[in-house]
Amino acid sequence: MTEPRPRSEPPDDGTSPPGGGTARAVDGSGPQEAELLRHLLRTPGYLKVLLFGALIGIPVSLAAFWFLVALHELEGFLWADLPGALGWDAPPWWWPFPLLLVAGVGVGLVVAHPRIEGGHVPASGLNMGGASSAALPGVLLAALAALPFGAVLGPEAPLIALGGGLALLFRNLAQAPATPQSTALLGAAGAAAAVAAIFGNPLVAAVLLIEVAGVGGPQPFAVMLPALLSSGVGSLVFTGLGRWTGLATGDLSLHLPGPLPRLDAADVAWAVLIAVSLAAVLHPLLVGARALGGYVTARPLVRTVLCALGAALCAAVYALATGRSPIEVASSGQATLAAMAADPHAWGVGALIAVLLFKGAAYALCLGSLRGGPVFPALFLGAAAGVLLAPLPGLGVVPAMAAGMAAATATVLRLPVSSVVLVILLLGSSAMMPVVILAAVVAFVVSELLPPGRRTAH
């Protein structure tokens, strides 16, 4: 007679996904996923986390809104209002030097301080590790010192830290039980609510946080439900607050000219080549940025300033060589990406090559030294490469941009599913989905097969 199979032990606090225990199986080969999920949803502790995830979306989205407003307003003042007040229609070529000097000194002081956490090196990618309320002041200070002053980085990494840290702070204020499971779930929920603010869509935030968490089995559902609920509530609050105040935060959206074309065999073939090419170029850039991060860590203040001035030099040389604004190289590229998508023919071949070279170099310097997120510049570099290659026989501008953005984000983030969802929602249509998926998967595989290089400590 076969001995009865032991039942899985209930989690101590009711929030742990029971993926590590055993449950009744159909063939005895493993746990039933559906039964584990039903058990999880009946757990009072998990339901409390789910409710808290919905509630936490409100204050987190409020904080994210005002954080992004501050970044947007300060960047507009430094790069548009202040040059205009001094008599220039656009920032002069040398303008990035004083601003990025401030960024380098500010971030360097935060990172070098023994009692302040300024966030992880962007070259190591997005991650959920180490989210805490104690790290919030340093992360926000470093982000405010870097992003408006021209760092070639986006706000998504500070937003993840902001959302996760605030969620844990409110958990502690409510004197709720602090366990590793509740910390992970509430951190993901708060981060998703904050990230939904900048991407303008709760689905992107939920998928991104699931893929960043890197979990499997029934655990994606455990992380996804609080994250999706919190990001949905946060998105509602964020959208309503923007309409009520009339303030802009610089959400990521593209307005492509005309109807989207139909894909053909040439678009698909070129998408594969674009993906391979971008992965082959961006992967060494990331390897170099990670190595630079280790170099900067030894003497953070001096070397952070040097890297920031190097990024300023890239922007200044670009402006001198092309006669265009240095902000096209400096900053995240969010506004420039929207302008390029609306009128890609306004960019000549020389300008596209120059912005790819100089922004790519500045991106690597900032990834290894300053603080922020890697998503926005990767999207811009992919889109610029797509516009440059669009005249190839049988290739159109929209398919080329879609493939370029998907390949670049998948290479930089190592998150292919999130890259596909993000690019499809940016395009506002599923018409380009085949080339987006193909480019993301090919770029991801190629970048994973290439030598990884040195990993930077967070």
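In this text, all values refer to a predicted model and were calculated from it rather than measured experimentally.

**Things to note about the overall build of the protein**
When you go through the protein residue by residue, the secondary structure sums to 16 helices and zero strands. The contacts in the protein between residues at least 6 apart in sequence include a share of 79% that link residues at least 24 apart. Accessible area for the protein stands at about 19,100 Å²; split by element, carbon and sulfur atoms hold 67% of it.

**Points about the environment of isoleucine 274**
Relative to the helices and strands, isoleucine 274 is located in helix H9 (residues 265-298). The buried category is assigned to isoleucine 274, whose relative accessible area is 3%. Between the C-alpha atoms of isoleucine 274 and glycine 382, which are 108 residues apart in sequence, the distance is 9.2 Å. With near-sequence residues (within four places) excluded, isoleucine 274 lies in contact with Leu389, Leu395, Ala400, Ala403 and Gly404.

**Considerations on the packing of helix H14 (residues 397-413) against helix H15 (residues 416-427)**
Axis separation between H14 and H15 bottoms out at 9 Å; the angle between their running directions is 150 degrees. Both H14 and H15 take part in a crossing whose hand is right-handed. Between H14 and H15, the contacting residues are Ala402, Met405, Ala406, Thr409 and Ala410 on the first element and Pro416, Ser419, Val423 and Leu427 on the second. Grouping the constituent residues of the contact of H14 with H15 by class yields seven nonpolar, two polar and no charged.

**Quick look at empty space enclosed by the protein**
Remark: the empty space left among the atoms is shown by a probe the size of a water molecule rolled over them. Scanning all chains against the criterion turns up one cavity of 30 Å³ or more. In this structure, the largest cavity spans a volume of roughly 30 Å³. Along its surface, the largest cavity is lined by Phe199, Val204, Leu208, Val375, Leu413, Ser418 and Leu422. Breaking the lining of the largest cavity down by element, the ones donating at least two residues are helix H7 (202-213) and H15. Grouping the constituent residues of the lining of the largest cavity by class yields six nonpolar, one polar and no charged.

**Some thoughts on the packing of aromatic side chains**
Using the criterion set out here, one finds five aromatic pairs in the structure. Measuring from ring centre to ring centre gives 5.5 Å for tryptophan 94 and tryptophan 95, while their planes differ by 50 degrees; the resulting arrangement is tilted. Using a relative accessible area of 5% as the deciding quantity, one classes tryptophan 95 as buried. Among the aromatic residues, those joined into a cluster by ring pairs are Trp88, Trp94 and Trp95. Positioned above the aromatic ring of tyrosine 295, the side-chain terminus of arginine 303 is 3.9 Å from the ring centre. Residue placement shows arginine 324 over the ring face of tryptophan 347; its charged tip is 4.0 Å from the ring centre.

The rules behind the values
- Within any chain, residue numbers begin from 1 and follow the written order of that chain's sequence.
- Note on the predicted model: pLDDT of at least 70 is required for a residue's local features to be given, and 80 or more for side-chain atom pairs to be given and counted; whole-chain, interface and lining totals, by contrast, use all residues.
- Heavy atoms from the whole structure form the basis of all side-chain values; hydrogens and water molecules are not counted.
- Working definition: helices are DSSP H or I runs of at least four residues, strands are E runs of at least two. Numbering for both runs from the N terminus.
- Every residue pair with non-hydrogen atoms within 4.5 Å of one another is taken to be in contact.
- Residue exposure ignores everything except the shown protein chains as possible cover, and the areas themselves are Shrake-Rupley values with a 1.4 Å probe.
- For each residue, the accessible area found with a 1.4 Å probe, counting protein chains only, is set against the maximum for its type, and the residue is called buried under 20%, exposed over 50%, and partly exposed in between.
- In this analysis an axis means a line fitted to C-alpha atoms, helices contributing only their contacting stretch, and an angle means the value between N-to-C directions, from 0 to 180 degrees.
- Crossing handedness follows the turn of the near helix against the far one: under a right angle anticlockwise gives a left-handed crossing, and clockwise gives a right-handed one.
- Under the scheme applied, nonpolar residues are Ala, Val, Leu, Ile, Met, Phe, Trp, Tyr, Cys and Pro; charged residues are Asp, Glu, Lys and Arg; polar residues are all the others, including Gly.
- Cavity means a closed set of points on a 1 Å grid over the protein atoms alone, one where a 1.4 Å probe fits but cannot get out, pocket means an open set with protein on both sides within 12 Å along at least 5 of 7 lines, and lining means a residue has an atom within 4 Å of a point.
- Grid points are joined across faces, edges and corners, and a volume is the space filled by probe spheres set on the points.
- Only Phe, Tyr and Trp rings take part, Trp by its six-membered ring, and two of them pair if their centres are within 6.5 Å. Stacked means planes under 30 degrees apart, edge-to-face means over 60, and tilted covers everything else.
- Two conditions define a charge sitting above a ring: the NZ of Lys or the CZ of Arg must be within 6 Å of the ring centre, and it must be within 35 degrees of the ring normal.

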